[in-house]
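The chain contents come next:
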Amino acid sequence: MLPVAEAQARILAPLTTLPAEWVPLPQALGRVLAEDLAARRDQPPVAVSAMDGYAVRGADTAEVGRPFCLVGEAVAGGDRTLAVGPHEAVRIFTGGAVPAGADAIVIQENAEAAGDTVRFTATVAPGTFVRAAGLDFAAGWTGLATGAVLDARALGLAAAMGHLWLPVRRRPRLGLLATGNELRWPGETPHGSQIISSNTLTVGAMATGWGASAIDLGICADDGAALAARVRDAAGLDLLVTTGGASVGDYDLVQRALGREGLKLDFWKIAMRPGKPLLFGSLGLVPVLGFPGNPVSAGVCAIVFLRLAQQRMLGLPEGLPERRARLANPLPANDQRQDYLRAVYVEHDGERRLRTAPRQDSSMLATFANADALLVRTAFDPARDIGDTVTLIDLREALDSLR
């Protein structure tokens, strides 16, 4: 059986960063920036007022109460056409351009206006409540770097820098195919030992959250000819993911059916739990990941392998959000497989610790759905006691984004 790290490396080896495409700003949320983005203008473009008040020469306010002549009004968005001389003032509002000659703002609370004159009850130093041109950023400044995952703040910054269209990595086109006679669609009534298909929904939601365009190829019965016909739809995909049919039973047909279609198998079976029967290969130019059918196995394999694959295709740093925590329960020695135990955070002796679920069956989707973390145990990890420090993958971090 292949070690997890070697399997990850072999999955990543044939994958390359996808090309860029241009999308309008409102559609760029969650996308990965493909080029550095520089400001096209200064922000603010001219010196502006930070407050409502009066623009003056600061030195002129040394004599409190002396009258100033009002010579105009400056509002946000207006042109910088006004100027002030000695003991002149311009009524100004937040965001208004500071007139030529002025270097300070007296806030309106410290002013007493009457007709075309105004008196001030406080002095101001030069620079008071003035936002200099380029205070936020200057034209040419690189505000967003290649590889940035664009959140709401980044979109706001891109807009302020003068960009309407952004260069982003094309979304990976990911095909998802569930296999199994026992599977029924959500909303259908299962009979006997039939179950509702959840794997492609789970994996597809993960892949979408990580930036892919997930394409549901449906459910295929355990029939070699039907499966072969279905995977012919894989042309044009960046990655095909199957769930189920990857093991060694009489009805586990994925490897055999795909083999007849030209599957070049790279590896099958990994020294991990859950997820041992994972396979990887290629159908023509399309890489193929075959996940086990048990729902926890499929979900864990998506986090451990598919997440890295999407990072590679999107040009992002590759890795998992591994953290450290102390155990709230003892664990026996591990065997030859790397283990990913479902666990929750608990309060123990005044600190947050990690407690593993009492049953780790790979069919138990409820345990996986309610877990906070995957506790990672390497092969032959020795027995662990309460309070020992262990490595974990935080599931909230792993599922929220690729950063």
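Owing to the predicted nature of the structure, the values given are computational and were not obtained by experimental measurement. (Residues numbered from 1 in each chain as written. Predicted model: local features only at pLDDT ≥ 70, side-chain atom pairs only at ≥ 80, totals over all residues. Heavy atoms only, no water.)

1. Details of the packing of aromatic side chains
Here's step 1: In this structure the tally under the stated criterion is four aromatic pairs.
Here's step 2: Between F137 and W141, the ring centres sit 5.7 Å apart and the planes meet at 15°, which makes this aromatic pair stacked.
Here's step 3: Residue classification places W141 among the partly exposed residues on the basis of a relative accessible area of 39%.
Here's step 4: Three or more aromatic residues link up through ring pairs in this structure, and these residues are Y54, F68 and F120.
Here's step 5: Above the face of the Y54 ring, R91 is positioned so that its terminal group lies 5.0 Å from the ring centre.
Here's step 6: Of note, K269 hangs over the ring of W268, and the distance from its end group to the ring centre comes to 4.6 Å. (Phe/Tyr/Trp six-rings, centres within 6.5 Å; stacked < 30°, edge-to-face > 60°. Buried < 20%, exposed > 50% of the residue type's maximum accessible area, 1.4 Å probe, protein only. Lys NZ or Arg CZ within 6 Å of the ring centre and 35° of its normal.)

2. Considering the sheet that holds strand β20 (residues 279–283)
Here's step 1: Reading across the sheet, the six strands line up as β16-β13-β17-β21-β20-β18 and stay open at both edges, with mixed pairing between neighbours. Two strands in the sheet have a free side with no partner beyond their single neighbour: β16 (213–220) and β18 (264–268). The average angle at which neighbouring strand axes cross in this sheet is 20°, direction not considered.
Here's step 2: The pairing of β20 with strand β21 (residues 286–291) spans five bridges and is antiparallel. Opposite S282, over in β21, you have P287 as the bridge partner. (Pairing = 2+ DSSP bridges. Helix = DSSP H or I, 4+ residues; strand = E, 2+ residues; numbered from the N terminus. Axes fitted to C-alpha atoms, helices over the stretch in contact; angles between N-to-C directions.)

3. Focus on the pairing of strand β17 (residues 239–243)
Here's step 1: The buried fraction of β17 is high, at five of five residues.
Here's step 2: Burial of β17 is two-sided: the residues L239, V241 and T243 facing one way and the residues L240 and T242 facing the other way are all buried.
Here's step 3: Relative to β17, strand β13 (residues 173–179) runs parallel, the two sharing five bridges. By the bridge assignment for β17, L174 is matched with L239.
Here's step 4: In the sheet, β17 pairs with β21 via four bridges, with the strands oriented parallel.

Remember that the coordinates give geometry; whether it matters functionally is a separate question.
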